[in-house]
Amino acid sequence: MNTYPNPFSEAISYQRMEQYDQEHLESLSNISPMTRTQQPIVTGTSVLAVKYKDGIMMTTDCLASYGSLARFKNIERMIKVGNSTIIGASGDMSDFQYITYLMDKLMTKEYNANNGQPLAPENIYEYLSQVMYQRRNKFDPLWNALVVGGYQDGKSFLGYVNLRGTTYQSDTIATGYGAYIAQPLLRNAVEKKNGELFTEEEAKKLLDDCMRVLFYRDARSLNKLQRATVTAAGVTISEPYSLETEWGFAEHIRGYGA
Amino acid sequence: MISEPIPTAQPARQMANRFDPYEDNGGTTMALAGEDFCIVAADTRQSDGYHINCRYAPKAHQLSDKTVIGTSGFYADGICLVKRIKQRMEWYYHQHDKVMSTPALAQLLSVMLYQKRFFPYYCFTILGGLDEEGKGCVFDYDSVGNVERVKYQAEGSGKELLQPFLDSQIGLKNRATDDVLDLTEEKAIKIVKDAFSSVTERDIHTGDCVEIYIIRKDGIECEKYPLKRD
Amino acid sequence: MEYNGGAVVAMVGKDCVAIASDKRFGLQLLTLATDFEKIYKMTDKCYIGLAGLATDVQTLSQELKLKVDLYKLREEREITPKKFAHLVSSTLYDHRWGPYFCEPCIAGLDSDNKPFICSTDLIGCINFAKDFVVCGTTARELYGICESFWEPDLGPEELFEVISQSLLNAFDRDSQSGWGAVVHIITPDKIITRHLKTRQD
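As recorded in an unreviewed UniProt entry, chain B goes by the name Proteasome subunit beta, listed as coming from Anaeromyces robustus. Entered under Function (unreviewed entry) in the UniProt record, the comment concerning chain B runs "Component of the proteasome, a multicatalytic proteinase complex which is characterized by its ability to cleave peptides with Arg, Phe, Tyr, Leu, and Glu adjacent to the leaving group at neutral or slightly basic pH. The proteasome has an ATP-dependent proteolytic activity."

In the nomenclature of an unreviewed UniProt entry, chain A is known as Proteasome subunit beta of Anaeromyces robustus. In its Function (unreviewed entry) section, UniProt records this for chain A: "Non-catalytic component of the proteasome."

Below, the structure is given as structure tokens:
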């Protein structure tokens, strides 16, 4: 077959091309890529919540850790949304504070619409889980496990949603380390009641007991916690408080290098 | 020209730390078609690894008076899929002034799953119901929309445990005599309950409760049957 | 375990035990032979089924037979199934860091003709079961169906029916097992061995 020589071959400067390539590549490396949450940075640990007679009770501690460092010790990990819903968060705190912003935006929109139909906890939960699921679809997750608690029109609501948009509703919910340590205690307490609901005092004691165990065993926890309730009277988030602890038994624990 | 090594992002390291968008929430679903009825059943446990998230997270959903869908695998994808199907059914209803038939839904579902071929819904779906002639029908899917019309099918974390049992009891496989199966509703429900009790015994992702949807020409009934919770 | 494929199951009945296997010998998805039985007679009342890598199945069965025969010469009595199980276990554990790729199922009657079954993993962790044991590539299918079919106090003929139906329906859902089956029923006075014709796909 006949091949024709390139009439411009003399004119092409390969050296110039290589130089261009090099500059081009270097300029590429200066462009920072789009960033995503690839891992949580400043994190909160467990959220615990139960249904009880008057509504929902939820607790978190006030710590936001930076790896193993107890970085921020006065963080609120529960927010009030509207007058009948709370959201508690574990996982990345900056993502959670962004969610706080989203919720604010949502409630402002609702206020402006002023349609006389306040968003029910179920609606807020649905909105939140759709946000979480859509962010996971974009490979840009909000790195949290969230618990939504609410009480409206005599009905309690308790739901969970995580960074992949997985959802479930249950009478007891525990996230993070609490899923391993507190959830069995919570379920056990519920099953012992045989269908009856906790009184406020029982729920308080149960959650405090669980938080105490978590404080003993979860290294990323803090003995400074908040308790929130959602009842017919509305949402209350308590001031931070501490639990009585007993470390005498620690002497007898053997293992883990001791 | 010898060039300096070009500084680039380290793709190998980034790939290793990449966010995994999937979760396996387990669960077993099955369906079987009778002459004039259909049964779709799914357990209600939602798990994550060795952890039980919730003892009642329904995986079977009623789509119309004639169709029920069961999904297992990644729960969030399952819910999203069901939600989108319901939306498409509503559009169809407003456009054509009729409820989508089961075979039409089956085709739609296949297309919807295949549309996400390169970022699939991680769910194993079974569609059960009555076809246009009022006969029981079951459609089985993989996660990217391969579909097959079958008489009976198990899917999800306990499918390997369940399917041989169905082959034997409904498919009447490996029989020396030419038995003819007279599959009554009662018998079918009994088989479903037995099947789930057995699967629960050996599959940790299956348990708590099974919801059995019985689809008849005059409506759908849902029966809950408790399973072991361990 | 998935290289050659195979299915073995053993069940307890009333004063009898049954052990069954498929007959396929394959290389991954290619079937090479359909007369490869995976059950070996160790004593008159004790059989072992070995699922896994065929070369190890043969080697291990021979090694075990040797040990059982040496035991008999030294002790002047038959080894009991339970002792044999521990012999299998320790033989496998001898190769802890370079194991035989075999999962054994053992079935037998002891000196009082009491049924005994057990299985072990490839490095000899014993699983004593009162009902049934399974192993091989068809394990999950077998677990599901045996859990449904098995019940206590089955006579030899009932047990034969149950184990056969379990195995047949289970391996029909496994591409790596099947192509015929063999069942041994061990009763105090005789061994019943039956070869089952199955679908050849």
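Scanning chain A from N- to C-terminus turns up five helices and 13 strands. With the C-alpha coordinates of chain A rotated into their principal frame, the extents come out at 95 × 60 × 40 Å. Buried positions account for 45% of the 258 residues belonging to chain A. Long-range contacts, defined as pairs at least 24 residues apart, comprise 64% of the intrachain contacts of chain A with a sequence gap of at least 6. Carbon and sulfur atoms make up 51% of the accessible area of chain A, which totals about 14500 Å².

Within this model, the largest pocket holds a volume of roughly 680 Å³. Along the wall of the largest pocket there are 30 residues; nearest its centre are Ser90(A), Ala145(A), Thr175(A), Gly176(A) and Tyr177(A). Looking at the lining of the largest pocket, the elements that each hand over two or more residues are strand 1 (42–44), strand 7 (85–92), strand 8 (144–152), strand 9 (155–162) and helix 4 (177–192) of chain A together with strand 4 (51–54) of chain B. It is helix 4 of chain A that provides the largest number of residues to the lining of the largest pocket, a total of three residues. Of the residues contributing to the lining of the largest pocket, the split by class is 12 nonpolar, 13 polar and five charged. Its volume calculated, the second largest pocket comes out at about 510 Å³. For the second largest pocket, the lining is made up of 24 residues, of which Tyr125(A), Thr167(A), Gln169(A), Tyr75(B) and Ile79(B) are closest to its centre. Among the elements of the structure, helix 3 (121–137), strand 9 and strand 10 (167–169) of chain A together with helix 2 (75–96) of chain B are those that each provide at least two residues to the lining of the second largest pocket. When residues in the lining of the second largest pocket are grouped by element, the largest group, six residues, is from helix 3 of chain A. Broken down by class, the residue content of the lining of the second largest pocket amounts to 12 nonpolar, eight polar and four charged.

Backbone geometry at Asp97(B) places phi at a positive 55 degrees, although glycine is not the residue there. Judged by its relative accessible area of 62%, Asp97(B) is exposed.

The subject of this paragraph is the interface of chain B and chain A. Between chain B and chain A, the residue contacts involve 29 residues of the former and 25 residues of the latter. When chain B packs against chain A, close to 2500 Å² is buried across both sides, 53% of that on carbon and sulfur atoms. Between chain B and chain A we count four salt bridges in total. One salt bridge in this structure joins Arg229(B) and Glu191(A), with 2.7 Å as the shortest N-O distance. Between chain B and chain A we count 14 residue pairs in polar contact (both at pLDDT 80 or more) in total. For the side of chain B that touches chain A, the elements supplying multiple residues, two or more each, are strand 4 and helix 2 of chain B.

With that settled, the discussion passes to empty space enclosed by the protein. All names here are of chain A. Under the defined criterion, the tally for this structure stands at three cavities of 30 Å³ or more. Taken as a whole, the largest cavity holds about 50 Å³ of empty space. In this structure, the largest cavity is lined by Thr45, Ser46, Asp61, Arg77, Met211, Leu214, Phe215, Asp218, Ser221 and Leu222. Sorting elements by how many residues they give to the lining of the largest cavity places helix 5 (residues 200–217) first, with three residues.

Per the counting criterion, the structure on display carries 18 aromatic pairs over all chains. Summarising the aromatic geometry, the rings of Phe139(A) and Phe119(B) are spaced 5.3 Å apart at their centres and angled 40 degrees between planes, so their arrangement reads as tilted. With Phe139(A) in the loop between helix 3 and strand 8 and Phe119(B) in the loop between helix 3 (102–115) and strand 7 (123–130), this residue pair bridges two chains. According to the relative accessible area criterion, Phe139(A) is partly exposed, its value standing at 22%. Seen in terms of ring centroids, Phe116(C) and Phe128(C) are 6.0 Å apart; in terms of plane orientation they differ by 65 degrees. Their pairing is edge-to-face.

Next up on the list: the side chain of Thr172(A). Residues and elements named next belong to chain A. Mapped onto the elements, Thr172 comes out in strand 11 (residues 172–174). Given the relative accessible area of 4%, Thr172 is considered buried. Filtering out sequence-adjacent residues up to four positions away, Thr172 remains in contact with Ala49, Val50, Leu158, Gln183, Leu186, Arg187 and Val190.

Consecutive side chains of a regular strand alternate in pointing toward one face of the sheet and then the other. Residue and element names in this part refer to chain A. Sheet analysis places strand 6 (residues 78–81) next to strand 7, joined by four bridges and oriented antiparallel. From the neighbouring strand, Val81 faces strand 7, where its bridge partner is Thr85. Hairpin connection from strand 6 to strand 7: three residues lie between these consecutive antiparallel strands, with Gly82 at a positive phi of about 65 degrees.

All right, on to the sheet that holds strand 7 (residues 102–109) of chain C then. All names here are of chain C. The strand order 5-6-7-8-9 describes an open sheet built from five strands, whose pairing is antiparallel. In the strand order of this sheet, the two ends are held by strand 5 (39–43) and strand 9 (126–128), each with one partner. Here the average twist between neighbouring strands, direction ignored, is 20 degrees. Examined bridge by bridge, strand 8 (residues 115–120) and strand 9 share three bridges and lie antiparallel to one another. Each residue of the ladder has a partner; that of Cys118, found in strand 9, is Phe128.

The rules behind these values
Residues numbered from 1 in each chain as written. Chains lettered and ligands numbered in written order. Predicted model: local features only at pLDDT ≥ 70, side-chain atom pairs only at ≥ 80, totals over all residues. Heavy atoms only, no water. UniProt positions renumbered as here; feature names shortened; annotations may be inferred. Helix = DSSP H or I, 4+ residues; strand = E, 2+ residues; numbered from the N terminus. Buried < 20%, exposed > 50% of the residue type's maximum accessible area, 1.4 Å probe, protein only. Contact = heavy atoms within 4.5 Å. Areas by Shrake-Rupley, 256 points an atom, 1.4 Å probe, with all protein chains shown as cover. 1 Å grid on protein atoms, 1.4 Å probe; cavity = no way out; pocket = protein on both sides within 12 Å on 5 of 7 lines; lining within 4 Å. Points joined across faces, edges and corners; volume = space filled by probe spheres on them. Nonpolar A, V, L, I, M, F, W, Y, C, P; charged D, E, K, R; others polar. Buried area = accessible area lost by both parts, 1.4 Å probe. Salt bridge = Lys/Arg side-chain N within 4 Å of Asp/Glu carboxyl O. Polar contact = N/O pair within 3.5 Å; in protein donor to acceptor, adjacent residues only side chain to side chain. Phe/Tyr/Trp six-rings, centres within 6.5 Å; stacked < 30°, edge-to-face > 60°. Pairing = 2+ DSSP bridges. Axes fitted to C-alpha atoms, helices over the stretch in contact; angles between N-to-C directions.

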